[in-house]
Amino acid sequence: MGFKCGIVGLPNVGKSTLFNALTETAAAAAANYPFCTIEPNVGQVPVPDPRLDQIAAIAGSAEILPTQLGFVDIAGLVRGASKGEGLGNQFLGHIREVDAICHVLRCFEDGDITHVEGRIDPIADAEVVETELMLADLDSLERRLVPMAKKAKSGDKETIETIARMERALVALRDGRPARSVILDAEDGIQMQRLGVITAKPVLYVCNVEEASAANGNALSAKVAEMAAKLDAGSVVVSAQIEAEVAQLHGEDRVEFLSALGLSETGLARVIRAGYSLLHLITYFTAGPKETRAWTIPVGTRGPQAAGVIHSDFEKGFIRAETIAYADYIAHKGEAGARDAGKFRLEGKDYVVQDGDILHFRFAN
């Protein structure tokens, strides 16, 4: 099951630098000119989770396998992208394919790096991109509404529900609000995204600041945080340039470098976790002598579907899930101790998997 966050923003805000650091590669060209990223680059990154090491130590695992989150570096949008300016139509198509949006905003001054609109104003930048995405949604939904209405005359219930959803989104968009502002619940959001509505996707604002502000942010990132809170969006401070340097370091060198800057972890670790949270994902674990492994599932996933993430046969033949909560596994030093303490549970098909569960699935071949 793959989950992808699309990294978007105006040209020259640090998107490709951030992506390179995220994936610890130079796959995306980072250069001081618009459209240096023509095709979306995709990178899978491990989700930081200190629980993995603790579980593996108790289980005596030979290998540790973290869960993964995909990031897509999408070329910079410009004003007019919804009408095809720049490479707008192509880029908008790429954004429709991701599950959530990581919107990088320039929150630093640097005369050597040009801004496509000649000023440093992250709030205005966010509005430019959001407006283009709303205009693209408006155009797409209006074009599809007429043929859908004709189809609905047959009385097809699913089509009627889809039209109601489209009209609800159109009301918001015509009022200058993103479609996510009228999403009723998680299922409604999923259906809205299936319609290709870009502004139905959850948003994380990534404030790209200068080195001196990497730990605590600056006045510009504070404005973004205030905006994000009002919009019920996420906000993270990061210095893409620092992260690019950190990506080249390992072990103690990395720890010392971060410590010298007053940082306890990389900004990218925060971005990855925030993206994970943004998509309403949780982690369960499998553990044994061979490996301790993390698995990604959406909040609310039941036992059989969680098993299916490992293999479809596990879901089809699901019998039960042998379950230990993470806290109990640690407190009682593994499966044997949890059994002795009465913390080992057998859960059936209706069990909703909880974050941190250590699971072993029983299934029929």
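Notes on the structure follow. (Residues numbered from 1 in each chain as written. Predicted model: local features only at pLDDT ≥ 70, side-chain atom pairs only at ≥ 80, totals over all residues. Heavy atoms only, no water.)

Quick notes on the overall build of the chain
Point 1. Each helix and strand counted, the chain has 14 helices and 12 strands in total.
Point 2. A fraction of 68% describes how many contacts in the chain between residues 6 or more apart in sequence connect residues 24 or more apart.
Point 3. When the accessible area of the chain is evaluated, it comes to approximately 17300 Å², of which 51% is carbon and sulfur surface. (Helix = DSSP H or I, 4+ residues; strand = E, 2+ residues; numbered from the N terminus. Contact = heavy atoms within 4.5 Å. Areas by Shrake-Rupley, 256 points an atom, 1.4 Å probe, with all protein chains shown as cover.)

A look at the packing of aromatic side chains
Point 1. Under the defined criterion, the tally for this structure stands at 4 aromatic pairs.
Point 2. Here Tyr284 and Trp295 contribute two aromatic rings whose centre-to-centre distance is 6.5 Å and whose plane-to-plane angle is 20 degrees, an arrangement assigned as stacked. One end of the pair, Tyr284, is in strand β8 (residues 281-287); the other, Trp295, is in strand β9 (residues 291-298), with 11 residues separating them in the sequence.
Point 3. According to the relative accessible area criterion, Tyr284 is buried, its value standing at 0%.
Point 4. Among the aromatic side chains, those forming a connected cluster through ring pairs are Tyr284, Trp295, Phe318 and Phe361.
Point 5. Over the ring of Tyr326 we find Arg51, and its NZ or CZ is 5.8 Å from the ring centre. (Phe/Tyr/Trp six-rings, centres within 6.5 Å; stacked < 30°, edge-to-face > 60°. Buried < 20%, exposed > 50% of the residue type's maximum accessible area, 1.4 Å probe, protein only. Lys NZ or Arg CZ within 6 Å of the ring centre and 35° of its normal.)

Details of the sheet that holds strand β5 (residues 100-106)
Point 1. Taken in spatial order, the 6 strands line up as β2-β4-β1-β5-β6-β7 in an open sheet, and their pairing is mixed. The two strands at the open ends of the sheet, each matched to only one other strand, are β2 (41-46) and β7 (234-238). Across the sheet, the axes of successive neighbouring strands diverge by a mean angle of 25 degrees, strand direction being ignored.
Point 2. Pairing geometry for strand β6 (residues 203-208) and β7, over 5 bridges, is parallel. Across the sheet, the residue bridging to Cys207 is Val237, located in β7.
Point 3. Against the sheet, helix α1 (residues 15-23) makes contact with β1 (4-8), β2, β4 (68-73), β5, β6 and β7, and its axis sits at roughly 45 degrees relative to β2, the strand it touches most.
Point 4. The sheet strands contacting helix α4 (residues 122-152) are β5 and β6, and the helix crosses β5 at an angle near 145 degrees. (Pairing = 2+ DSSP bridges. Axes fitted to C-alpha atoms, helices over the stretch in contact; angles between N-to-C directions.)

A word on the environment of Glu245
Point 1. Topologically, Glu245 is positioned in helix α8 (residues 240-246).
Point 2. By relative accessible area, which is 35% here, Glu245 ends up partly exposed.
Point 3. Along the backbone, Glu245 and Glu24 are 221 residues apart, and their C-alpha atoms lie at a distance of 9.8 Å.

Examining the pattern of salt bridges
Point 1. Here the structure, examined in full by the defined rule, presents 13 salt bridges.
Point 2. The shortest N-O distance in the salt bridge between Glu226 and Lys230 comes to 3.7 Å. Of this pair, Glu226 and Lys230 both sit in helix α7 (residues 219-230), 4 residues apart, which is roughly one turn of that helix.
Point 3. Lys230 sits in the exposed class, given a relative accessible area of 67%.
Point 4. Through salt bridges with shared partners, a single network forms among Asp49, Arg51 and Asp355. (Salt bridge = Lys/Arg side-chain N within 4 Å of Asp/Glu carboxyl O.)

Some remarks on the nonpolar core
Point 1. In this structure, Leu18, Leu22, Leu69, Phe71, Leu204, Tyr205 and Val206 are the most contacted members of the largest nonpolar core, which totals 53 residues.
Point 2. Every residue in contact with Leu204, bar those within four places of it in the chain, is listed here: Ile101, Cys102, His103, Gly234, Ser235, Val236, Val271, Ala274, Gly275 and Leu278.
Point 3. In terms of nonpolar packing, the next biggest core, distinct from the first, is built from 18 residues, Leu141, Leu145, Ala169 and Leu173 among them. (Core = buried A, V, L, I, M, F, W, Y, C linked by side-chain atoms within 4.5 Å.)

With respect to the side chain of Glu243
Point 1. Within the secondary structure, Glu243 sits in helix α8.
Point 2. When residues no more than four places from it in sequence are discounted, the contact partners of Glu243 are Ala21, Val238, Thr266, Gly267 and Leu268.

Some thoughts on the packing of α4 against α7
For any two helices packed against each other, the geometry is given by the interaxial angle and the distance between the axes.
Point 1. It is at 9 Å that the axes of α4 and α7 come closest, and there the two elements cross at 45 degrees. With respect to α7, the axis of α4 lies oblique. For the pair α4 and α7, the contacting residues are Pro122, Ile123 and Ala126 in the first and Leu220, Lys223, Val224 and Met227 in the second.
Point 2. Classifying every residue of the contact of α4 with α7 gives 6 nonpolar, no polar and 1 charged. (Parallel < 35°, antiparallel > 145°, perpendicular 65-115°, else oblique. Nonpolar A, V, L, I, M, F, W, Y, C, P; charged D, E, K, R; others polar.)

The values reported here are purely geometric and, on their own, carry no functional implication.
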